[in-house]
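Spelled out from the first residue to the last, the chains are:
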Amino acid sequence: ARWAAAAHPHLVLPARRGWLGDRPFAAQEFVPSGSVAAQLGGRPQPLAAALRVVVRLAEVVGYLHRQGLVHGL
């Protein structure tokens, strides 16, 4: 139920999470396009492309916050 509030087309939510021995784990569905980091490949991006990524990420984080979810390390 808690994860339902985070439903967004640009998010991949954990399908399963828990502990394996003394280590936490999270399983997610496979996404062929990979993560943002993998798509960018550590290469500098043209300014317009970089700004589009930042705007999209800000929209997703803003959406999560409006749903009452917080994040952090």
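Residues numbered from 1 in each chain as written. Predicted model: local features only at pLDDT ≥ 70, side-chain atom pairs only at ≥ 80, totals over all residues. Heavy atoms only, no water.

Colleague: Please clarify how the overall build of the chain should be interpreted in this entry.
Modeller: Per the secondary structure count, the chain includes two helices and two strands. Reading the chain from its N terminus to its C terminus gives the helix and strand order β-β-α-α. Burial analysis of the chain (73 residues in total) assigns 8% to the buried set. Taking contacts inside the chain between residues at least 6 apart in sequence as the whole, the part at least 24 apart equals 32%. Element-wise, carbon and sulfur atoms account for 61% of the exposed surface of the chain, whose accessible area totals about 6300 Å². (Helix = DSSP H or I, 4+ residues; strand = E, 2+ residues; numbered from the N terminus. Buried < 20%, exposed > 50% of the residue type's maximum accessible area, 1.4 Å probe, protein only. Contact = heavy atoms within 4.5 Å. Areas by Shrake-Rupley, 256 points an atom, 1.4 Å probe, with all protein chains shown as cover.)

Colleague: How should helix H2 (residues 47–66) be read in this particular structure?
Modeller: Note: α-helices contain 3.6 residues per turn, so residues at a spacing of three or four share the same orientation. In this model, H2 (20 residues) spans 28 Å end to end at C-alpha, consistent with the 28 Å of a helix rising 1.5 Å per residue. Three or more residues of H2 are buried, namely Ala49, Val60, Tyr63 and Leu64. Buried residues of H2, viewed axially, fall in a sector of 105°; they line one side. With respect to the buried face of H2, the exposed residues turned more than 90 degrees away are Leu47, Val54 and Arg66. (Expected span 1.5 Å × (residues − 1). Arc of directions from axis to C-beta.)

Colleague: Looking at this model, I keep getting lost on the confidence of the model for the chain. Mind explaining?
Modeller: As a note on interpretation, predicted positions should not be read in detail where pLDDT is low. This prediction gives the chain a mean pLDDT of 75; 64% of its residues lie at or above 70. Mean pLDDT across the elements of the chain ranges from a minimum in helix H1 (residues 36–40), with 74, to a maximum in H2, with 86. (pLDDT = per-residue confidence, 0-100.)

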